[in-house]
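# Analysis of the macromolecular model
Residues per chain, in single letters:
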Amino acid sequence: VQLQAFGGGLVQAGGSLRLSCAASGRTFSSYSMGWFRQAPGKEREFVAAISWSGGSTYYADSVKGRFTISRDNAKNTVYLQMNSLKPEDTAVYYCAAGRGGIATVIKLSGMDYWGKGTQVTVSS
């Protein structure tokens, strides 16, 4: 599975962005998908995950209520809608795919494939 994330950019605090991650391959619908982020000088951290069917989602406490993860298996794409953005959301955002369930893919080690990141910068 090859993944390509896009949709990042510069936005003011309180604004919104929608990230997309396009996947190649015919087995996209069999993978759980997740978004992670890495800010300068910090470790990569979990943001959100969604099960292969889209029926289950899980969020980091820091984004709960502001971010929404979704997927369209017909388009081999997973999305991250980010609202009420804060300067602390500034980071490179990565999408990833894992064969396991939600409990597995919320960990970096639970992911099998990673895409290149897309930069999100939130100005105050």
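Everything below is about the structure printed above this text.
Residues numbered from 1 in each chain as written. Predicted model: local features only at pLDDT ≥ 70, side-chain atom pairs only at ≥ 80, totals over all residues. Heavy atoms only, no water.

### A look at the pattern of salt bridges
- Under the defined criterion, the tally for this structure stands at five salt bridges.
- Residues Arg37 and Asp89 are paired through a salt bridge, measuring 2.9 Å at the closest nitrogen-oxygen approach. Pair noted here: Arg37 is in strand 4 (residues 32-38) and Asp89 is in the loop between strand 8 (77-82) and strand 9 (91-98), with a separation of 52 residues, a long-range link.
- Owing to a relative accessible area of 6%, Arg37 belongs among the buried residues under this scheme.
- Across the pair Asp89 and Arg66 runs a salt bridge whose closest N-O atoms are separated by 2.7 Å. Taken together, the residues Asp89 in the loop between strand 8 and strand 9 and Arg66 in the loop between strand 6 (57-59) and strand 7 (67-72) connect sequence positions 23 residues apart.
- The exposure class of Asp89 is buried, given its relative accessible area of 1%.
- The exposure class assigned to Arg66 is buried, which follows from its relative accessible area of 11%.
- A cluster of three or more residues bridged by salt bridges with shared partners is formed by Arg37, Glu45, Arg66 and Asp89. (Salt bridge = Lys/Arg side-chain N within 4 Å of Asp/Glu carboxyl O. Helix = DSSP H or I, 4+ residues; strand = E, 2+ residues; numbered from the N terminus. Buried < 20%, exposed > 50% of the residue type's maximum accessible area, 1.4 Å probe, protein only.)

### What about the state of the cysteines?
- For the structure shown, the criterion picks out one disulfide.
- What pairs with Cys21 in a disulfide is Cys95, and their sulfur atoms sit 2.0 Å apart. When the S-S torsion is 55 degrees, as for the bridge of Cys21 with Cys95, the disulfide is right-handed. Of the two residues, Cys21 sits in strand 3 (residues 17-23) while Cys95 sits in strand 9, which places them 74 residues apart along the sequence.
- Judged by its relative accessible area of 0%, Cys21 falls in the buried class.
- Its relative accessible area of 0% is what places Cys95 among the buried residues. (Disulfide = S-S within 2.5 Å.)

### Side note on the environment of Ser20
- With respect to the element layout, Ser20 can be found in strand 3.
- When its relative accessible area of 10% is taken as the criterion, Ser20 is described as buried.
- Residues Ser20 and Tyr113 lie 93 residues apart in sequence; the distance between their C-alpha atoms is 16 Å.
- Excluding its chain neighbours within four sequence positions, the residues that come into contact with Ser20 are Gln4, Ala5, Phe6, Trp35, Thr77, Val78 and Tyr79. (Contact = heavy atoms within 4.5 Å.)

Honestly, it's all geometry; don't read function into it.
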